[in-house]
Amino acid sequence: MVNYKKILVTGGLGQIGSELSLELQKRYGIENVIITDIKNEIPEVFGNNSIYIKLDVMDYAKLEEIIKKYEIDAIFHLAAILSGRGEENPFWCWDVNMNGNMNIFKAAIEYKIKRVFIPSSMAAWGIGIPKENVPQDSVLRPTSMYGVTKVAGEKLCEYMFHKYNLDCRGLRYPGIISSEALPGGGTTDYAVEIFYEAIKNKKYTSYIDKGTKLPMMYMPDCIKATIMLMEADINQLTCHGDYNLAAFSFAPEEIAAEIKKFIPDFEIDYKPDFRQKIAESWPSSIDDSVARKDWGWSPDYDIATMTKDMIEKLSKRIK
Ligand code: NAD
Ligand code: SER
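Residues numbered from 1 in each chain as written. Chains lettered and ligands numbered in written order. Predicted model: local features only at pLDDT ≥ 70, side-chain atom pairs only at ≥ 80, totals over all residues. Heavy atoms only, no water.

Paired through their backbone hydrogen bonds, the strands of a sheet run either parallel or antiparallel. The strand order across the open sheet formed by 3 strands is 9-11-13, and the pairing between neighbours is mixed. Strands at the two margins of the open sheet, each flanked by one partner only, are strand 9 (175-177) and strand 13 (248-250). On average, each strand axis in the sheet is tilted by 45° relative to the strand beside it, whichever way the strands run. Packed on one face of the sheet, helix 7 (residues 219-231) meets strand 9 and strand 11 (214-218) and runs near 80° to strand 11. (Pairing = 2+ DSSP bridges. Helix = DSSP H or I, 4+ residues; strand = E, 2+ residues; numbered from the N terminus. Axes fitted to C-alpha atoms, helices over the stretch in contact; angles between N-to-C directions. Contact = heavy atoms within 4.5 Å.)

Inspection of the entire model under this criterion finds 15 salt bridges. Ionic contacts of the salt-bridge type, sharing partners, join the residues Arg-115, Asp-167 and Arg-169 into one network. (Salt bridge = Lys/Arg side-chain N within 4 Å of Asp/Glu carboxyl O.)

This paragraph deals with the state of the cysteines. Tallied over the full model, the rule gives 1 disulfide. Here Cys-157 connects covalently by a disulfide to Cys-168, the sulfurs 2.4 Å from one another. Within this pair, whereas Cys-157 is found in helix 5 (residues 145-164), its partner Cys-168 is found in strand 7 (residues 168-169), the two being separated by 11 residues in sequence. The burial state of Cys-157 is the same as that of Cys-168; both residues are buried. With no disulfide of its own, Cys-93 lies closest to Cys-157 among cysteine sulfurs, the gap being 17 Å. The exposure class assigned to Cys-93 is buried, which follows from its relative accessible area of 0%. Between Cys-222, a cysteine without a disulfide, and Cys-157, which holds the nearest cysteine sulfur, the sulfur-to-sulfur distance is 16 Å. On the basis of relative accessibility, which here comes to 0%, the residue Cys-222 falls in the buried class. (Disulfide = S-S within 2.5 Å. Buried < 20%, exposed > 50% of the residue type's maximum accessible area, 1.4 Å probe, protein only.)

Once that is clear, we can look at the nonpolar core. Judged by nonpolar contacts, the single largest core of 45 residues is most densely connected at Ile-177, Tyr-190, Phe-195, Phe-250, Ile-255, Ile-259 and Met-306. The set of elements that each furnish at least two residues to this core consists of helix 4 (90-110), helix 5, helix 6 (190-201), strand 11, strand 13, helix 8 (252-260), helix 9 (275-281) and helix 11 (303-317). Per-element accounting of this core gives the leading share, 8 residues, to helix 6. Ignoring any residue separated from it by four or fewer positions in sequence, one finds Ile-177 in contact with Gln-15, Ala-191, Val-192, Phe-195, Met-216, Met-217, Tyr-218, Met-219, Phe-248, Phe-250, Met-306 and Met-310. Ile-35, Phe-76, Trp-295 and Trp-297 belong to the second largest nonpolar core, which has 36 residues in total. (Core = buried A, V, L, I, M, F, W, Y, C linked by side-chain atoms within 4.5 Å.)

As far as function goes, none of this settles anything; it's purely spatial.
As structure tokens, this is what we get:
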């Protein structure tokens, strides 16, 4: 385990940030994880002892103040505008994602932060890729503004490493499926919504069309990969902010068929919207052999075990 003194999480109340922050608290101590987000209040699930500060990642002065006050030495920078919301307002997406990244880089260099995590996404890909098993080194021609910011983030991680010796790491997450915090406006949100609607109403209208297969991952594997990468020895790493990461892939009808094993009268229909075009530009599956070789990555969940766990967890909460 890496001996971080104090960890800063940005976007810590989002879909990934919520569960990652709780896991970091367990691992490094509740008093050593400084959770931040632009939201006003932290949900009850975090309990009374969690440290929460409202922080807009575009506010450099406030970011600096927190880093100095808590003597932060590791940052998990999760604050971002995702692909769906980003495509509705591309200039805002650029502002938040890029100014947020640049503030984190600047502060990390200034305050000699030991390690920084900035996630990338399968949205970094677009035109000109093989649909199946897209390799680690492949052309990056995203078609969404979100994807453009992810490619820039990856390249900047590598630049900051070579220019300033900043240890910045990142993963190209596939679509993340989770049972706790709701997703925040991405193209793959349907793969979470479908579970809620299946349990509540036994039907779901998918905004992603039949046959559109996308790479996905269950949250416990997302958290596991993030922590494994952030704890890996730097000498093991051959990439910086752009490790391919994969678990399983499915199209809407395939996840619907899995759900039907538990809810036999569940029905799905299709009404594709603007997110269909984004989904079509992404790969169907990802080759993550470099992550497997460099730092021993392998996922624990497949589509069947993820579906069983999601249904068990959500059924207890949703009536
Ligand atoms: P999310 O939208 O659920 O959470 C992002 C959080 O950032 C939200 O809580 C939001 O309030 C906060 N935020 C937005 N603007 C902010 C600002 N200006 N200052 C501070 N906080 C702000 O997203 P997520 O799914 O948790 O994603 C986290 C990271 O992982 C992002 O970089 C995202 O691009 C990446 N990622 C996510 C997925 C996925 O499927 N969830 C897939 C690929 C990559
Ligand atoms: N799940 C994310 C999105 O759909 C991928 O980065 O935006």
